[in-house]
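The residues making up each chain are set out below.
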Amino acid sequence: MLPSTAQVLKQLYRNLGKFSSCKVCFWIVIDFVLLIYTFHCPWRIVDDCGGAFTMGAIGGGVFQSIKGFRNAPVGIQHRLKGSANAVRIRAPQIGGSFAVWGGLFSTIDCGLVRIRGKEDPWNSITSGAMTGAVLAARNFSSWA
């Protein structure tokens with residue numbers, strides 16, 4: 001469970017002796033900690049989107065390089081060009097798909113933390129299920 005803002009302030013006030021020579025430094029640290037503590041989720045969403053894009057682009061690049069190499073015409077020059085072309089075209093698309101998934105998961109997770117007031121494994125489990133449901137609902141028209 002996340003500590004309340006009052007608990008964070010009490011802990012910082014207890015450590016005031018470490019900053020006794022510089023009261024301004026102490027208040028700058030308090031402002032910074034409260035800023036990070038208060039606005040944690042928006043940065044977490046952005047961070048997870050970036051991490052998911054990177055993971056998808058690298059993984060997609062590896063997979064697409066193999067696929068492009070295998071599907072190219074005979075000859076090492078053609079195969080290397082085919083591999084590079086497949087990576088250039090498809091890796092950013094796969095990375096973008098991963099970024100959407102990661103951002104949606106983090107958004108739902110942060111919303112659940114805010115609604116429930118605690119951070120536990122059930123938030124992640126529910127976020128995964130809801131993310132899967134939302135991404136599956138995008139293709140709902142093709143189910144019929």
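Given the structure is predicted, the values throughout are model-derived calculations rather than measurements.

Caption draft 1: Geometry of the overall build of the protein. Tallying secondary structure elements over the protein gives 5 helices and 0 strands in all. Along the protein, helices (α) and strands (β) appear in the sequence α-α-α-α-α when read from the amino end. Per-residue burial for the protein yields a buried fraction of 24% across its 144 residues. In the protein, 54% of the contacts between residues at least 6 apart in sequence involve partners at least 24 apart.

Caption draft 2: Highlighting the environment of Phe53. One can find Phe53 in helix α3 (residues 40-71). Expressed as a C-alpha distance, the spacing of Phe53 and Gly96, which sit 43 residues apart in the sequence, is 5.7 Å. In this structure Phe53 touches Pro92, Gly95, Gly96 and Ala99, once residues within four positions along its chain are discounted.

Caption draft 3: Quick peek at helix α5 (residues 121-137). Counted at 1.5 Å a residue, the expected span for α5 with its 17 residues is 24 Å, and the 24 Å between its end C-alpha atoms agrees. Listed as buried for α5 are Asn123, Ser127, Thr131 and Leu135. Angular distribution of buried residues about the axis of α5 spans 90 degrees; they occupy a single face of the element. Opposite the buried face of α5, at more than 90 degrees from it, the exposed residues are Pro121, Trp122 and Ala129. For α5, the secondary structure elements touched by its buried residues are α4 (76-116).

Caption draft 4: Inspection of the pattern of salt bridges at higher detail. Scanning all chains against the criterion turns up 4 salt bridges. Of the charged contacts in the structure, one is a salt bridge between Arg44 and Asp109, with a shortest N-O distance of 2.3 Å. Here Asp109 lies in helix α4 and Arg44 lies in helix α3, a separation of 65 residues in the sequence. Both residues of the pair, Arg44 and Asp109, belong to the buried class. Connected through shared salt-bridge partners, Arg44, Asp48, Asp109 and Glu119 make up one network.

Caption draft 5: Seen up close, the confidence of the model for the protein. Across the protein, the average pLDDT comes to 79, with 69% of residues at or above 70. For the protein, helix α2 (residues 23-38) is the element with the lowest average pLDDT, namely 56, and α5 is the one with the highest, namely 90.

Caption draft 6: Focus on the packing of aromatic side chains. If you walk through the whole model with that rule in mind, you get 1 aromatic pair. Plain terms: the ring middles of Trp101 and Phe105 are 5.7 Å apart, the flat faces sit at 20 degrees to each other, and that makes the pair stacked. Placement of both Trp101 and Phe105 in helix α4 is noted, with a separation of 4 residues, approximately one turn of the helix. Above the face of the Phe69 ring, Arg79 is positioned so that its terminal group lies 5.6 Å from the ring centre.

Caption draft 7: Structural view of α4. If you check α4, its first and last C-alpha atoms are 57 Å apart, about what 41 residues at 1.5 Å a residue would give, namely 60 Å. Its axis deflected by about 35 degrees at Arg90, α4 carries its strongest bend there, up to four residues before the proline Pro92. Gly117, located one to two residues past α4, shows a positive phi value of around 80 degrees.

Each value, and the rule that gives it
Residues numbered from 1 in each chain as written. Predicted model: local features only at pLDDT ≥ 70, side-chain atom pairs only at ≥ 80, totals over all residues. Heavy atoms only, no water. Helix = DSSP H or I, 4+ residues; strand = E, 2+ residues; numbered from the N terminus. Buried < 20%, exposed > 50% of the residue type's maximum accessible area, 1.4 Å probe, protein only. Contact = heavy atoms within 4.5 Å. Expected span 1.5 Å × (residues − 1). Arc of directions from axis to C-beta. Salt bridge = Lys/Arg side-chain N within 4 Å of Asp/Glu carboxyl O. pLDDT = per-residue confidence, 0-100. Phe/Tyr/Trp six-rings, centres within 6.5 Å; stacked < 30°, edge-to-face > 60°. Lys NZ or Arg CZ within 6 Å of the ring centre and 35° of its normal. Bend = angle between axes of the 7 residues up to and from the residue.

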